[in-house]
Amino acid sequence: MATFTKVSKRIRAQIRLPNHPSESQTFNTLREAKAWAMRRELELRTVAGRSQLKYSLGQAIDRYISDIAPKHKGGEFEIKRLRAVSKTLPLARPLAKFDDVFWENWRDQRLKTTKRNDPTKTLSTGTVRREMCDLALVFKYAVKLKWITDNPFKNVERPPHGKARKIIITPEQIEAMFQSLNYTRGVRPSTSKQTVGAMFDLALETGLRSSEIVNLDWPRVFFDKDYIHLDDTKNGDSRDVPMSPTTKIILKSMIGFSPDKVFDINHNNRDTIFRKARKSANLSGFTFHDARHTAATNIAAQMRHSDMPPIQAVFEFCGMFGWRDIDEALTYFKPKASEVAKWLS
């Protein structure tokens, strides 16, 4: 965009374009200034357009995965999502050829796509929203690299946030999973399947996230003080998680399994083994992460019926699960209608 300013008896023309330093020249007349500005702006846009055609979407995704994603919390999962969504995109297409209309059509098509493991259901709005957020970050980085001048996702509406999962894994499902994983509480695992069984058991007992369990090492387990200390959490806050007698049994059975990490299994292997065991048990409808909600439900029930003052219980509960928003905890401490009826009778 060109602007024109009177300087003494002459006219200064100045051009400003995205991702390009401003240029200016001074002329005797406004006509000369406008002619120069129009010609120069066309030249710059032509050069920029040619440059943008050099880089493809595939190159941008690879560069983002190399430079940026590994620095993020959950970067491993971000990379996994980008690799998966890449299979739905024309990776050889130049970045400059993608506009908001393309991404709106792609979004609508993704929302109609059926799930691989359940053809009766389509992808959730939350899944598509995460994919779009990942891709928007790829284009944002491409703008920073000056591979393109604008991010087409700026004007594309994201699908709404999906409803939070509130699935409770039943005792029958838990027992079936333990059998499928050949896991017995208190017995030191000798296979990867049994180790995932112990990880699942710990998640059900404490509400720890999968990443927190995978990264757990022995220096942060304090048997003598009855707690686990977590430094690397999802929201960045450290927290202490109390150990119940059952938690101690699970963790003590892992002593000697690995000198550093408690479980020594990475995210991908944990996920693959868990999914295979669930399929082998002929089960569906829940994930490893649902163990967190199951644990929260069970722990909240115990705390509600303890001698601890309700307000203190809510705050202790928030601290245990690493929630900054008290509303997260209140969901679990909300009494059932049948309980209220008993109080009213």
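Treat the numbers as computed from the prediction; the structure is a model and nothing was measured.

Q: Please provide a residue-by-residue account of the pairing of strand β2 (residues 10–17), values included.
A: Of the pairings in the sheet, the one linking strand β1 (residues 2–7) to β2 comprises six bridges and is antiparallel in character. Counted as the bridge partner of Phe4 is Ala13 from β2. Here β1 hands over to β2 after two residues, with Ser8 in that stretch at a positive phi of 55°.

Q: Kindly report on unusual backbone geometry, identifying the contributing residues and their values.
A: At Asn182, a position not held by glycine, the phi torsion is positive, near 55°. Relative to the elements of secondary structure, Asn182 occurs in the loop between α6 (171–180) and α7 (192–206). Asn182 sits in the exposed class, given a relative accessible area of 51%. If you check the backbone angles, Asp264 has positive phi at about 55° while not being a glycine. Note that Asp264 resides in the loop between α9 (245–252) and α10 (267–280).

Q: Got a sec to walk through the nonpolar core? Specific residues and values, please.
A: Ranked by internal contacts, the top residues of the largest apolar core, which has 50 residues, are Phe200, Leu251, Phe263 and Phe317. It is α7 that contributes the most residues to this core, seven residues altogether. With residues near it in sequence (within four places) discarded, Leu251 still touches Leu202, Leu216, Trp218, Val221, Phe223, Ile228, Met243, Val262 and Phe263. With 29 residues, the next largest nonpolar core counts Tyr64, Val138, Tyr141 and Val143 among its residues.

Q: Explain the pattern of salt bridges to me, and be specific about the residues and the numbers.
A: Considering all chains together, one arrives at 15 salt bridges under this definition. In this structure, the salt-bridge partner of Glu23 is Arg40, at a minimum N-O distance of 2.8 Å. Residue Glu23 is located in strand β3 (residues 20–27), and its partner Arg40 is located in helix α1 (residues 30–52); the two are separated by 17 residues in the primary sequence. Classification of Glu23 as partly exposed rests on a relative accessible area of 21%. Among the residues examined, Arg40 registers a relative accessible area of 24% and is labelled partly exposed. A salt bridge links Asp201 to Arg185; its shortest N-O distance comes to 2.8 Å. With Asp201 in helix α7 and Arg185 in the loop between α6 and α7, the pair connects residues that are 16 residues apart, well separated along the chain. Judged by relative accessible area, Arg185 falls into the partly exposed class, the value being 41%. Ionic contacts of the salt-bridge type, sharing partners, join the residues Lys80, Arg270, Asp271 and Arg275 into one network.

Q: How would you summarise helix α3 (residues 75–86) if you had to cite specific residues and measurements?
A: Compared with the 16 Å implied by 1.5 Å per residue over 12 residues, the 16 Å span of α3 between its first and last C-alpha is a close match. Every buried residue belonging to α3 is among Gly75, Glu78, Leu82, Val85 and Ser86, and all of these are buried. Along the long axis of α3, the arc covered by the buried residues comes to 105°, so they all point the same way. Against α2 (57–67), α4 (100–111) and α5 (125–144) lie the buried residues of α3.

Q: I'd like to hear about the packing of α6 against α7, residue by residue, with values.
A: With their axes 9 Å apart at the nearest point, α6 and α7 run at an angle of 155° to one another. Our classification of the angle between α6 and α7 gives roughly antiparallel. In contact with Ile174, Met177, Phe178 and Ser180 of α6, α7 contributes Lys193, Gly197, Phe200, Asp201 and Leu204. Taken together, the residues of the contact of α6 with α7 break down into five nonpolar, two polar and two charged.

Rules used throughout
Residues numbered from 1 in each chain as written. Predicted model: local features only at pLDDT ≥ 70, side-chain atom pairs only at ≥ 80, totals over all residues. Heavy atoms only, no water. Pairing = 2+ DSSP bridges. Helix = DSSP H or I, 4+ residues; strand = E, 2+ residues; numbered from the N terminus. Buried < 20%, exposed > 50% of the residue type's maximum accessible area, 1.4 Å probe, protein only. Core = buried A, V, L, I, M, F, W, Y, C linked by side-chain atoms within 4.5 Å. Contact = heavy atoms within 4.5 Å. Salt bridge = Lys/Arg side-chain N within 4 Å of Asp/Glu carboxyl O. Expected span 1.5 Å × (residues − 1). Arc of directions from axis to C-beta. Axes fitted to C-alpha atoms, helices over the stretch in contact; angles between N-to-C directions. Parallel < 35°, antiparallel > 145°, perpendicular 65-115°, else oblique. Nonpolar A, V, L, I, M, F, W, Y, C, P; charged D, E, K, R; others polar.

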